[in-house]
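Residues per chain, in single letters:
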Amino acid sequence: MDLFEYMRENTMKDESPLASRLRPETLDEVVGQQHIIGKDKLLYRAIQADKLSSIIFYGPPGTGKTTLAKVIANTTSAEFKQINATVAGKKDMEEVVQQAKNNLGMYGKKTILFVDEIHRFNKGQQDYLLPYVEDGTIILIGATTENPYFEVNGALISRSIIFELKPLEKEDIKTIIKRAVYDEKKGMGSMHAEIDEEALSFLADVSNGDARSALNAIELGILTTKPSEDGKIHINLKIAEQCIQKRVLRYDKDGDNHYDTISAFIKSMRGSDPDAAVYYLARMLYAGEDIKFIARRIMICASEDVGNADPQALVVATSAAMAVERLGMPEARIILSQAATYVACAPKSNAAYMAVDRALDVVRNKKTYGVPAHLQDAHYKSAGKLGHGEGYKYAHEYKNHYVKQQYLPKELEGTVFYEPTDNGYEKKINEHMKKIKAEAES
């Protein structure tokens, strides 16, 4: 390293964005992602023991993919090289591979290659790395925001361990913001700033698990806010709003706004008003409501309020719940909107919901009646001697696959729990049940 390069690196270290300066150097400094770097977890043990194999970090922006790579760089005895797939070409990879061969051959030293945005490499570029990963010339660490099973060469995937990073929790973001404000060595503590709890909570909420977004906002706030009469820079809610360019929506997740908004959302879907449903959905999303919570409410509404009037509603809602968990925001908003509008526009029936509650009421308040003998299990050894299963009529042997026989306990004969409506598919259910009963053999 020459003098100019040394000066450049030192200048960049001092002048780089807060998110870069605050980046952890050791595992103990990393906030969040305990599901993969907890002290009992494989990745933590591998980093501490300096026994890494090829790995791929997959997760949304600002969740710590590059941070973990830097931590590995600071703790490993191997040579650490970094390239970014958005600008690197084959020549860059050839240079790294040649150096790795020299390190391994001359000094017995391994080389770790960190490829940021690895999904940006085309198939040919990824294929080039494969033999050197396979023979141990390089240990690959890839980082991607895209699903690696779709975007990364299958052969590389099979030779790597995939670690999925999750959006950081609100408390994790708050910890990082406090470190940024008060840490004098890496953060902005020397500027004597303070952040109030309301602003802290707001920034942690709207960053949606992206630490970089929160740090960029707090850095802008501190650098552009004049000190008060007490000589301190006070970051309040108004300043936090301006720094992240997002209006505060009064929405206490543990208070009335939370319950009122979700109530209005559900009632709008039940009331077949898709416009109102997406409005309340947008309010919840804007305020940072948990997308998994919203998806669960749509699933409940699909069964409780749509039911068998459109059985597909529950399929759509359940698929949406799975999709939002896999994708996260911002794409989840589209899926939630599709599910909410489908449920809102679907024909409605609460007949299935009412049926089980009527049945539960009978079970709770009346004697538990015996199962009719002909419905009892006839497979175990002494069942035949007890008359179990005798007289049972196998429905598939009869016209329309239906035969009249007593299914309810004798004491409940004639009781009706499920009463299909004439809405949507339930009208067909009604017609079908009437037809097979009218044509049934006794």
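Anything mentioned here points back to the structure above.
Residues numbered from 1 in each chain as written. Predicted model: local features only at pLDDT ≥ 70, side-chain atom pairs only at ≥ 80, totals over all residues. Heavy atoms only, no water.

### Notes on the packing of helix 12 (residues 211-224) against helix 13 (residues 237-244)
- Orientation of helix 12 relative to helix 13, taken along the N-to-C sense of each, is 115 degrees, at an axis distance of 9 Å. In the crossing of helix 12 with helix 13, the sense of the turn from one axis to the other is right-handed. Taking contact as the criterion, the partners of Ser213, Ala217, Leu220 and Gly221 in helix 12 are, on helix 13, Ile239, Cys243 and Ile244.
- Of the residues in the contact of helix 12 with helix 13, the class split is five nonpolar, two polar and no charged. (Axes fitted to C-alpha atoms, helices over the stretch in contact; angles between N-to-C directions. Helix = DSSP H or I, 4+ residues; strand = E, 2+ residues; numbered from the N terminus. Left-handed = near helix turned anticlockwise from the far one by under 90°. Contact = heavy atoms within 4.5 Å. Nonpolar A, V, L, I, M, F, W, Y, C, P; charged D, E, K, R; others polar.)

### Details of the side chain of Ser268
- Summarising the element assignment, Ser268 is placed in helix 14 (residues 256-270).
- Within the structure, Ser268 has its side chain in polar contact with the backbone oxygen of Ala264 (distance 2.7 Å).
- The contact partners of Ser268, leaving out residues within four places of it in the chain, are Asp273, Ala276, Ala277 and Tyr280. (Polar contact = N/O pair within 3.5 Å; in protein donor to acceptor, adjacent residues only side chain to side chain.)

### Here we look at the pairing of strand 3 (residues 111-116)
- Summarising burial for strand 3: six of the six residues are buried, a large majority.
- Neither face of strand 3 is open: one carries Thr111, Leu113 and Val115, the other Ile112, Phe114 and Asp116, and all of them are buried.
- Once you follow strand 2 (residues 79-84) into helix 6 (residues 90-107) and on to strand 3, the crossover reads as right-handed.
- Inspection of the sheet shows strand 3 paired to strand 4 (residues 138-144) by six bridges, in the parallel sense. The residue of strand 4 that forms the bridge with Asp116 is Ala143.
- The parallel pair strand 3 and strand 4, bridged by helix 7 (residues 123-134), forms a crossover whose chirality is right-handed. (Buried < 20%, exposed > 50% of the residue type's maximum accessible area, 1.4 Å probe, protein only. Right-handed = clockwise from strand over helix to strand, strands pointing away. Pairing = 2+ DSSP bridges.)

### Digging into the packing of helix 10 (residues 170-182) against helix 12
- The contact between helix 10 and helix 12 brings their axes to 10 Å, and the two run at 35 degrees. When the axes of helix 10 and helix 12 are compared, the crossing they make is right-handed. Seen from helix 10, the contacting residues are Ile173, Ile176, Ile177, Ala180 and Val181; seen from helix 12, they are Ala211, Ala214, Leu215, Ile218 and Ile222.
- Here the residues of the contact of helix 10 with helix 12 are counted per class, giving ten nonpolar, no polar and no charged.

### A word on a nonpolar patch on the surface
- On the surface, Tyr392, Tyr394 and Tyr407 cluster together into a nonpolar patch covering about 330 Å² of accessible area.
- Turning to its location among the elements, Tyr392 is positioned in the loop between helix 19 (351-365) and helix 20 (425-438). (Patch = residues over 30% accessible without salt bridge, like charges linked within 9 Å, V, L, I, M, F, W, Y side chains within 5 Å. Areas by Shrake-Rupley, 256 points an atom, 1.4 Å probe, with all protein chains shown as cover. Salt bridge = Lys/Arg side-chain N within 4 Å of Asp/Glu carboxyl O.)

### Considerations on the pairing of strand 2
- Two strands pair when backbone bridges link them, and strand 2 and strand 3 are joined in this way by six bridges, in the parallel orientation. Of the residues in strand 3, the one forming a bridge with Gln82 is Phe114.

### Comments concerning the environment of Asp230
- With respect to the secondary-structure elements, Asp230 resides in the loop between helix 12 and strand 7 (233-235).
- Accessibility expressed as a relative area gives 49% for Asp230, which makes it partly exposed.
- A C-alpha to C-alpha distance of 39 Å links Asp230 and Asp290, two positions 60 residues apart in sequence.
- Within the structure, Asp230 has its side chain in polar contact with the side chain of His234 (distance 2.8 Å).

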